[in-house]
Amino acid sequence: MESFAAVSLRVASPEFVGRTQQLAQLTELARAAAGGDPRFVLIGGESGVGKSRLVAEFAGRAEREGARVLAGDCVDLGGGELPYAPLVGALRSVSTAELADILGRGIRELAPLLPQLEGEETSLGASSLAQGRLFELLLALLGGLGGEHPLVLIVEDAHWADPSTRDFLSFLIRNRRRERLVVAVTYRTDELHRRHPLRAFVAQADRSRTVTRLTLERFSRHELAEQLAGILGHAPAPALVEELFRRAEGNPFFTEELIAAGGGSADGSLPDDVRDALMLRIESLSPAAQSVLRVAAAAGARVRHRLLVAAAPLDGDALVAGLREAVAHHVLVQDAGDTYRFRHALLREAIADDLLPGERGPLHAALGRALAEDPGLSVSGRGVAAELAAHWSAAHDLPAAFAASAQAGVEAERMAAFAEANAHFERAAELWDAVAPERRADSPSRVELLRRAAEAIHLTGDSDRATALARSALALVDAEREPLTAVGLHERIGRFLWISGLSRDALAELGTAIAMMPADAPAADRARVLGAQGHLLMLLGRGAEARERCELGLALAQEAGARAEECRILNTLGPAQRMTGSPEEAIATARRAQRLAEELGDPEELTRSYINLAELLDEAGRMREAIDVSRAGVAMARREGVPGVLPMLIAELAWRLIRQGGWHEADEILPEAVEAGTSWGVGRSSALSVQAQLQALRGEPQAAERTLQDAEREQRQAVGSMWTGPLAAARADAALWDGRPEAARAVVDAELARREPTDDSAATYLAPLIAAGARAEAELAGRARTMRASAEEAEAVSRAVAVCDVGRDLITSHMSPEPLLFVATASAETERAAGSASADTWAGLAARWDEHGNVFQAVYARWRQAELTLAAGGSRAEIPLVLAAAHATAAMLGAEPLRRELEDLARRARIDLAVGEAAMGPGSGAGTVPASAATDATAAERIGLTARELDVLRLMAGGATNREIAAGLYISQKTVTVHVTRILSKLDARTRVEAAGLAQRLGLLEPDPASDAS
C-alpha cells in the first residue's frame, strides 16, 4: 500500500469533484430566481456525502454572477429548542440601516429575532396571528434583500431544524410571489426515521412546482480517484483507490477521514471504520487540543473564542496552542469574527459521543456558568435561555434547568415560536417537583406553566394537546380559593374544544365558566367569558342566546373600558342580531367592530370583522358588496401578515365567486387555502367544503368525496348547520350530478335528522340542501313513473312534499333572499316530482336567480324551463335561444354535467345550439333570450318518431318484452326489433330503460291529445 508518511495534512481536495449536473441545476435555479421566479431546492444525502461542499461551490458561483448569499445552520441542542436558528445566523450580517430601509416600522417586530436590533425591543405577542405576521415580515425582508441583486439563502442541516424554521420554510414555499430568491436546504437522508418531522415538510414541499429535489449519491471509483488526486497532489495508486472505495464506499468525507487517519499513523494503515478514523485523528492531537475540542463539542457546532476561554480548563497559552493545532489539523475552522466551527458536524458528534459520563456533566456545567454570567458569549447573540436549559439539563442541575426552561418559553413566545415555547414550558412543568420550593419562589406557578404551554401548543394547531394540558392545570387549582383562575381555564378549554370540533363539550365548559364566575369578579373578566360563550352560541346558530350574552358582555366591557373585549363582543353581536331579525342593525354593528379593530390595531379581530361583515351583506342580498369586502379582507390579511386566517377569508370569497359565476378565479385562490397549515382548523375545513361544492357542480364526484372526507376530518365532531350543512349540500349535489338520487336522498335525510331546533342559522345553511333533497325525490319519482312503480312514485312525491315543508318551516319574517329562492326551487322540484311542474314557474325562478346574481342556479332553472316547454309541446319560440344561452354559460363555468344535459335536450329536440348561439346578440346570457321564428310541434314530431314507433315506445316503457309488444300491436317480433333500434337512435339512448326515462321526461308516454280527439 502507498505510504502516508509524507502525505500533506491537507484533508479536502482543492478541486471540486463530480456533481457537475447538480451544480448546473442549482445555477439554472439561481438564474430563474434572478428573473423574479423564486425557487427552492432540497438537497438530501447521507452524512458526509458532500452536501455542504456542493452548496459552498454553488454559493461561490452565485456570488461571482452577482448574487447575494446568506447562510445559516440549524442547531442540534439535544432536544432543546432554539427557534429560527438558521435564519438568525443568515440574517446576522444585514445592517440595521438596511433592515430599516426595507421594513420601515416593521423592523421593531423583528427585534426579538435579530440581535443587531438591540434597543428596538418589542414582542410579537401570543396570538394566532403573531407567527403569521413574523413570517410576512421575513418574506418582505428576503424580497427586499433580493431587490438589487438576487438572493441565495442557504439553510444547512435541516434535519435539526426547529419547528418554527420548518413552518417558515413551508410558508415561504406557499407564499412566494416575485421575489428574486433561491433557497437551498440541505438535510441528511440517513437521519430521517419514519416519524422524523422533516419527512412531512419534504413531502409537502415536493408538491410545489417551485421546489426541486436533489439527492446526492456516493462517489464512483473514478470520482473517488479524482478526490484522492486532489488530496495527495498526484494520482493515487490503484490499490489505494480500491481499499478506500471498499472501506468508505464512495462517501467523500469518510474517504478524507480514513486517509487523514492513515497519514498520521506509524505504518500508514487504515482504521477499521470511520468512527475509529475520526477518533484516531483526534487522539493523535496534543492533550491541550483534545481538551479544547471536548469543550467545543459540548458547546455546539459553532463556538466563540471567549466562551472557550471562560469554560475550558486551560490557561491562555495552552488554549491558544490547542486551538491552533485543531485548526491546523482541519478539525476546527476559523469562522467569521472570533468564532470557530467544526469542519464537519460528524467530527463534533464523534467527540461528543466519546465523552465519558463523568466529564460530560462538568463540561456542560462550565458552559452553563459562563453563559449565565455573560450571555454575550453565545454565538446566537440574543436570548440564551434555550442554550442554558440544554446545558443545565446535561449537567443534571435541575433547579437551573427549570429556571432556564421557564425563561426559554418566555423568549420563544416573544418570537412567536409557539412549538418551542410549548416544549420549554412543558419541560419546566415536568421539573417542578424536582426543585425545592425556595429555588422556584420567583418562578411562574406550575398552573401558569401548564396554561402557557397549552396556549402555545394551541397556537401551533394542536388543540387536542392544548386541552389536555389545560385540564392538567385545572386539576391543580383549588376553585374555592382561586375561582378566577379556574374560570379562565374553563374558558380556554372551551375555546380549544371548539377548535378541535367538539362543539357540545366546548359549550359545556363555557357554561361551567359562567356558573363559577364570582358575582364580584371584575367587569372585564365577566365580559370576556360572556363574550366567549356568546361567540360559540352564535357559531352554533343559537342567535337569541348569543345576542343576550353579547349584550350583557358588551355593557360590562364598556363599563370597564375594556376596548379589546368590546371589539370581540361587537364582532359576535352583529351575526347574532342578523339571526334574530335585525339585518341593518347587524351590518352597522359589524362596521363598528371593524372601526374599533382598526383603532386597536388588532389584526385578529379585524379579520373577524371582514368575515362577518361580508357574510351579513351576503345574507342581506348584497352579494357584490359582500365580494368587495371579502376581497378587501384577503388583501388586508396579506398586507398585515395574518396568513393563519387566510383559509377562512379565501373560502368565503371563493364561495361567493362560485355563486356569481367566477369559478375560474375560485380555482386560482382555493389551493392556497386548502394547502395551508393553520391553527384555525375550521378555516381549512370551510375551504375544503367550497372546493368540494365546486367539484360536485363540475361533475367530479370521486374528487368531491375525497375532499369532503378531508373536510370532515378537520371538523371532527362539529355541530350546527353552519358547519355541517355546506358539506351535506356538496355531497348531495355530487350524488345528483352523478346520477345517484337515492344517495342524495340518504345524505339529506341524515343531515335533516340532526338539525338542532335551536339553530337559528339553519335557514341559511340548509336551504341549498332542501332544494337538493326535493330534486332527488323528483328524479326518483320520474324513474318510478317510467317503470310504472306506483308505490315508489307515491313515496317519492310524499317525501318531496315533506322536504319542502321543512324548508317552509325554516322561513321566517327576516329570511335572507337566497334561502327563500332555494325553498322556492324546492317547491318547483316538488311539483316536478308530482308530474305537475310548470315551465312558467321555472322561468320565473330563472329570472329571480338572475336578479340575485347566482349564475349556476339561473342556468339550472333555464334547463328545467326548456325541458318542460318541449315536453308539453307548447310554444318553443324562445327555447332554442334559452338553451343556447344556458349552454354557453354552463360551458363557460365548466359545469360539465349541466352542459351535457343541455346538449342532450337540444339533440333530442332537434335544436341546433350553434345556430342559437349565433343568434344571441352581444352580451346575451342565460336570462336574455331574443325571440325566435321556430315553429311549434309535438314532442314526438320534433324527435322524428312515427306513430307506430310511439306505440312501441309506450309499451316498451311499461316493461313489455318484444314478444308482448308484437302480440299487442299485431306485428312480428322482427318488426318490433327494428322499431326499438330506431327509437333508441332517435332518442340517443343506450338502453331500453334510458329510453323510457327520456320519454317520461319529454312527455311522450302520455296519449297524444290529437289522437284522443280523433
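Residues numbered from 1 in each chain as written. Predicted model: local features only at pLDDT ≥ 70, side-chain atom pairs only at ≥ 80, totals over all residues. Heavy atoms only, no water.

Some details on the pattern of salt bridges
What the rule picks out here adds up to 72 salt bridges. Here E584 and R622 are joined by a salt bridge, their closest N and O atoms 3.6 Å apart. Here the residue E584 occupies a position in helix α27 (residues 583-600), and R622 occupies one in the loop between α28 (603-619) and α29 (623-640), the gap between them amounting to 38 residues. Taking the shortest distance from any N to any O, the salt bridge between R862 and D850 comes out at 3.1 Å. Pair noted here: R862 is in helix α40 (residues 855-872) and D850 is in helix α39 (residues 839-852), with a separation of twelve residues, a long-range link. Given the relative accessible area of 34%, D850 is considered partly exposed. Shared partners join several salt bridges into a network, and the residues in it are E615, D618, E652, R656, R659 and E818. (Salt bridge = Lys/Arg side-chain N within 4 Å of Asp/Glu carboxyl O. Helix = DSSP H or I, 4+ residues; strand = E, 2+ residues; numbered from the N terminus. Buried < 20%, exposed > 50% of the residue type's maximum accessible area, 1.4 Å probe, protein only.)

A word on the packing of aromatic side chains
Tallying each qualifying case throughout the model produces twelve aromatic pairs. Ring centres of F135 and F168 lie 5.4 Å apart, and the angle between their planes is 65°; this geometry places the pair in the edge-to-face category. Here F135, found in helix α5 (residues 130-145), pairs with F168, found in helix α6 (residues 163-175); they are 33 residues apart in sequence, far enough to count as distant. Under the relative-accessibility criterion, F135 is labelled buried at 5%. On the numbers, 5.6 Å between centres and 75° between planes, the contact of Y860 with W863 is edge-to-face. Placement of both Y860 and W863 in helix α40 is noted, with a separation of three residues, approximately one turn of the helix. Note on Y860: relative accessible area 5%, which makes it buried. Given a relative accessible area of 2%, W863 falls into the buried group. Aromatic ring contacts, followed pair by pair, group W663, W737, W842, F856, Y860 and W863 into a single cluster. In this structure, R775 is placed above the aromatic ring of W737, and the distance from its NZ or CZ to the ring centre is 4.0 Å. (Phe/Tyr/Trp six-rings, centres within 6.5 Å; stacked < 30°, edge-to-face > 60°. Lys NZ or Arg CZ within 6 Å of the ring centre and 35° of its normal.)

Some thoughts on the sheet that holds strand β7 (residues 332-334)
The three strands are arranged β6-β8-β7 in an open sheet whose pairing can be described as antiparallel. The sheet is open, and its two borders are formed by β6 (302-304) and β7, each paired with just one other strand. Across the sheet, the mean angle separating the axes of adjacent strands is 30° when strand polarity is ignored. Here β6 runs beside strand β8 (residues 339-342); their pairing, made up of three bridges, is antiparallel. Bridging from a neighbouring strand, R302 pairs with R341 of β8. Packing against the sheet, helix α12 (residues 287-299) makes contact with β6, β7 and β8, and its axis sits at approximately 85° to β8. (Pairing = 2+ DSSP bridges. Axes fitted to C-alpha atoms, helices over the stretch in contact; angles between N-to-C directions. Contact = heavy atoms within 4.5 Å.)

Looking at the side chain of E413
Here E413 lies in helix α18 (residues 398-414). A distance of 2.5 Å separates the side chain of E413 from the side chain of R452, its partner in a polar contact. (Polar contact = N/O pair within 3.5 Å; in protein donor to acceptor, adjacent residues only side chain to side chain.)

Some details on helix α37 (residues 790-810)
The terminal C-alpha atoms of α37 lie 31 Å apart, and with 21 residues this matches the ideal 30 Å at 1.5 Å per residue to within 8%. Taken together, the buried positions of α37 are A796, V797, A800, V803, C804, G807 and L810. For α37, the buried positions fall inside an angular range of 135° around the axis, keeping them on one side. Within α37, the exposed residues directed more than 90 degrees away from the buried face are S790, A791 and D809. Looking at the buried residues of α37, the elements they touch are α35 (741-753), α36 (762-786) and α38 (817-834). (Expected span 1.5 Å × (residues − 1). Arc of directions from axis to C-beta.)

Remember that the coordinates give geometry; whether it matters functionally is a separate question.
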